[in-house]
There are 2 protein chains.
Amino acid sequence: MVTLAVDAMGGDIGPQITVPAVLDALRWQQDLRVLLFGDEPAIAALLGGHSHDRLVVCHSEQAVKMDDAPSVALRSKKKSSMALMLQAVKEGRADGCVSGGNTGALMALSRFILKTSESIDRPAIISALPREDGGHTFILDLGANVGSDSEQLYQFAIMGQAVAQVMDGRHHPKVALLNIGTEEVKGNDQVRAASELFRADDSLNYVGFVEGSDLFRNKADVVVCDGFVGNVALKTIEGLARFIMAETKREFARSWWSRILSVLFVPFWLRVEERINPSAYNGAVLVGLQGVVVKSHGDADKQEFCQAILAARNYVDKNLPAKIESLIS
Amino acid sequence: MVTLAVDAMGGDIGPQITVPAVLDALRWQQDLRVLLFGDEPAIAALLGGHSHDRLVVCHSEQAVKMDDAPSVALRSKKKSSMALMLQAVKEGRADGCVSGGNTGALMALSRFILKTSESIDRPAIISALPREDGGHTFILDLGANVGSDSEQLYQFAIMGQAVAQVMDGRHHPKVALLNIGTEEVKGNDQVRAASELFRADDSLNYVGFVEGSDLFRNKADVVVCDGFVGNVALKTIEGLARFIMAETKREFARSWWSRILSVLFVPFWLRVEERINPSAYNGAVLVGLQGVVVKSHGDADKQEFCQAILAARNYVDKNLPAKIESLIS
């Protein structure tokens, strides 16, 4: 039995999304228990009076707002659903946790409550992207840190390498730095300095700079970048994938002939969609912490939030934080 | 008659791509003349002894390499095809120019030879992205400047606004800043400080922060960002679009049944591809210079490089640099 703590109040919408998503996850996984943190009356209303033997609602009076600064969350949101959820992981009552709330606050509270792994200064957010060879590329940081210096980028590389080792069983994953060109002279000072650090570490299978267009090619298993850059890249990917899915749908709704055709076409397109649909990739993990913390998108729908819960379960099963720590030390 | 100067040696491949692309452009546009700068024997070999009355080959002994630092290009590549091409624009022998060469060198040589417009410190690279409402969003900077401060971002906004006005006839284009969240507290110091500057200027129709996923929605007509971030976003978009096109092709090549179906499907998919294919968007323009300078991708194929030449022609026809200068002053 795995127990996950879930922040019911996180995300742009909150309980209306998170509660049904939790119920779905519990239905899919019979050996999953959930501690659901949030406003008890709001959650109870959504549960419609039904009780669930693997769901425990834990009332919290506060919620972290999407525009709360991390310092505000640290100072005055210690009774929030997000903080209480992390506390449950800290105390061993839950094996991992999931929130779709404010990233900056989640990062700050996670560091304060769970603490970082030894020799890691700041956690990073990592996720996987699909790749043309059928595999995937891990990319970090996706928004936990802005303005990362070369030393931070180096720590991201170490953590990314460990994630690829643990999750994919790759012994020497190829690690690259995201840049605006592959030549040595390209980029900014941080990236060029990080490249020197990467090259100097023989334990790292460093393959040099890659560009945005290389993310979908089999050039690297782990791509390292600053959180601002990674967050923009990730959200751009999601935006374009949704745009293309919508354009395709629209094209097939244009005439009676196209609508008939689309019936034949759907099974093929669904296989493409399955690989590019951002929903399938929801649930990035904050690595470098002493515990599994999964960040869902703020605007995730029910299916996507459920996906983030299943992702958290997967990281718990792989015992990710302990394995990263042992690989790093 | 419009005369364009073209750098035959630019790009990852050089004359094998640029020469056929120029011939295609001349075939498409009967009122186009091209001055083609590069290694004369190499170009002559590709022309196969044929002469063309609207094509003048101008020999250059040097070429800028893709890994030349901008300082190297400025100091020792004054006789390069890229420098001579810019010189032709400066002296009025050409109305605009196109290169697929080293971006940093093109930027440095353009500033040195053509000079920036009055009140503009540094040029920026701007291009258009497709959008779900059928329109497009201009985005800048795409890689000419890394580590832009708030004042530079503000100048990008002014230039981007002018481009949207000139190219799309929009009187009050919506201008936004690319960030990792839409709340005021999000992002880095440069972006937050730029937001203050944007807001303080009443002539700017500033709509606040947008995220990567908003690029394809009708949230802004002009999106401003640092060149590192913009370059990664643009190349990520290109990479994903190519990945999806390849996945779709592969899915339809899987069986005899899918191959039969694909014949019916192709006309619909081509209409989607037309909107997302990066080839159709090749040819970003360096704005803020006293002349039309178009940057093609280094890895453009013949069709894409031809597209960049046609884009340059379009900017010349609209008299972009002079209009931007008059709008800014």
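Everything numeric here is computed off the predicted structure, so don't read it as measured data.

## A look at the relation of the copies chain B and chain A
It takes a turn of 180° to lay chain B on chain A, together with a shift of 0.0 Å along the axis; the resulting RMSD is 0.0 Å. Read as a symmetry element, the transformation amounts to a two-fold axis. Residue by residue, 100% of the interface of chain B is reproduced at the interface of chain A, so both copies engage with the same surface.

## Looking at the sheet that holds strand β9 (residues 222-224) of chain B
All names here are of chain B. Within the open sheet, the 11 strands sit side by side as β3-β2-β1-β4-β11-β10-β5-β6-β9-β7-β8. Their pairing is mixed. The two strands at the open ends of the sheet, each matched to only one other strand, are β3 (55-59) and β8 (205-210). Across the sheet, the axes of successive neighbouring strands diverge by a mean angle of 25°, strand direction being ignored. Packed on one face of the sheet, helix α10 (residues 302-317) meets β1 (2-7), β2 (32-38), β4 (96-99), β10 (284-287) and β11 (292-295) and runs near 140° to β1.

## Quick word on the domain arrangement of chain A
All names here are of chain A. Domain boundaries in chain A define domain 1 (1-120 + 288-329) and domain 2 (125-280). Computed over C-alpha atoms only, the centres of domain 1 and domain 2 are separated by 25 Å. Across the contact, 17 residues belong to domain 1 and 17 residues belong to domain 2. Carbon and sulfur atoms supply 70% of the area buried between domain 1 and domain 2, which totals about 1500 Å² over both sides. Where domain 1 touches domain 2, the interface holds 1 salt bridge. Salt-bridge contacts for Arg242 lead to Glu304; the nearest nitrogen and oxygen are separated by 3.2 Å. Seen at the junction of domain 1 and domain 2, the total is 3 residue pairs in polar contact (both at pLDDT 80 or more). Among the elements of the structure, α5 (103-113), α10 (302-317) and α11 (320-328) are those that each provide at least two residues to the side of domain 1 that touches domain 2. Among the residues forming the side of domain 1 that touches domain 2, the class breakdown is 7 nonpolar, 7 polar and 3 charged.

## As for the packing of aromatic side chains
Taken as a whole and judged by the stated rule, the model has 9 aromatic pairs over all chains. Measuring from centroid to centroid gives 5.4 Å for Trp269 of chain A and Trp269 of chain B, while their planes differ by 50°, and the two rings are tilted. Taken as a pair, Trp269 of chain A in helix α9 (residues 256-276) and Trp269 of chain B in helix α9 (residues 256-276) lie in two separate chains rather than in one. The same class applies to Trp269 of chain A as to Trp269 of chain B, namely buried. Note on Phe198 of chain B and Tyr206 of chain B: the rings are 5.2 Å apart at their centroids and 80° apart in plane angle, and the pair reads as edge-to-face. One aromatic cluster is present, formed by Tyr154, Phe198 and Tyr206 of chain A through successive ring pairs. Positioned above the aromatic ring of Phe112 of chain A, the side-chain terminus of Lys115 of chain A is 5.2 Å from the ring centre.

## As for the packing of helix α8 (residues 227-252) of chain A against α9 of chain B
Running from N to C, α8 of chain A and α9 of chain B point in directions that differ by 140°, and their axes come no closer than 10 Å. Taken as axis vectors, α8 of chain A and α9 of chain B run oblique relative to one another. Between α8 of chain A and α9 of chain B lies a crossing whose hand is right-handed. Judged by residue contacts, Phe243, Ile244, Glu247, Thr248, Arg250, Glu251 and Phe252 of chain A of α8 of chain A engage Phe265, Phe268, Trp269, Arg271, Val272, Arg275 and Ile276 of chain B from α9 of chain B. Its residues assigned to classes, the contact of α8 of chain A with α9 of chain B comprises 8 nonpolar, 1 polar and 5 charged.

## Digging into empty space enclosed by the protein
Residues and elements named next belong to chain B. Taken as a whole and judged by the stated rule, the model has 5 cavities of 30 Å³ or more. There is about 90 Å³ of room inside the largest cavity. As for the largest cavity, its lining consists of Ser127, Ala128, Leu129, Pro130, Leu234, Ile237, Glu238, Ile276, Pro278 and Tyr281. Secondary-structure elements contributing two or more residues to the lining of the largest cavity are β5 (124-130) and α8 (227-252). Of the residues belonging to the lining of the largest cavity, the class tally is 8 nonpolar, 1 polar and 1 charged. Estimated volume of the second largest cavity: approximately 60 Å³. Taken together, 14 residues form the lining of the second largest cavity, with Gly10, Gly11, Ile17, Gly298 and Ala300 sitting closest to its centre. Here the lining of the second largest cavity is built from residues that sort into 4 nonpolar, 8 polar and 2 charged.

What counts, and at which threshold
- Residues numbered from 1 in each chain as written.
- Chains lettered and ligands numbered in written order.
- Predicted model: local features only at pLDDT ≥ 70, side-chain atom pairs only at ≥ 80, totals over all residues.
- Heavy atoms only, no water.
- Least-squares fit on C-alpha atoms with pLDDT ≥ 70 in both.
- Contact = heavy atoms within 4.5 Å.
- Pairing = 2+ DSSP bridges.
- Helix = DSSP H or I, 4+ residues; strand = E, 2+ residues; numbered from the N terminus.
- Axes fitted to C-alpha atoms, helices over the stretch in contact; angles between N-to-C directions.
- Domains from an automatic or database assignment.
- Buried area = accessible area lost by both parts, 1.4 Å probe.
- Salt bridge = Lys/Arg side-chain N within 4 Å of Asp/Glu carboxyl O.
- Polar contact = N/O pair within 3.5 Å; in protein donor to acceptor, adjacent residues only side chain to side chain.
- Nonpolar A, V, L, I, M, F, W, Y, C, P; charged D, E, K, R; others polar.
- Phe/Tyr/Trp six-rings, centres within 6.5 Å; stacked < 30°, edge-to-face > 60°.
- Buried < 20%, exposed > 50% of the residue type's maximum accessible area, 1.4 Å probe, protein only.
- Lys NZ or Arg CZ within 6 Å of the ring centre and 35° of its normal.
- Parallel < 35°, antiparallel > 145°, perpendicular 65-115°, else oblique.
- Left-handed = near helix turned anticlockwise from the far one by under 90°.
- 1 Å grid on protein atoms, 1.4 Å probe; cavity = no way out; pocket = protein on both sides within 12 Å on 5 of 7 lines; lining within 4 Å.
- Points joined across faces, edges and corners; volume = space filled by probe spheres on them.

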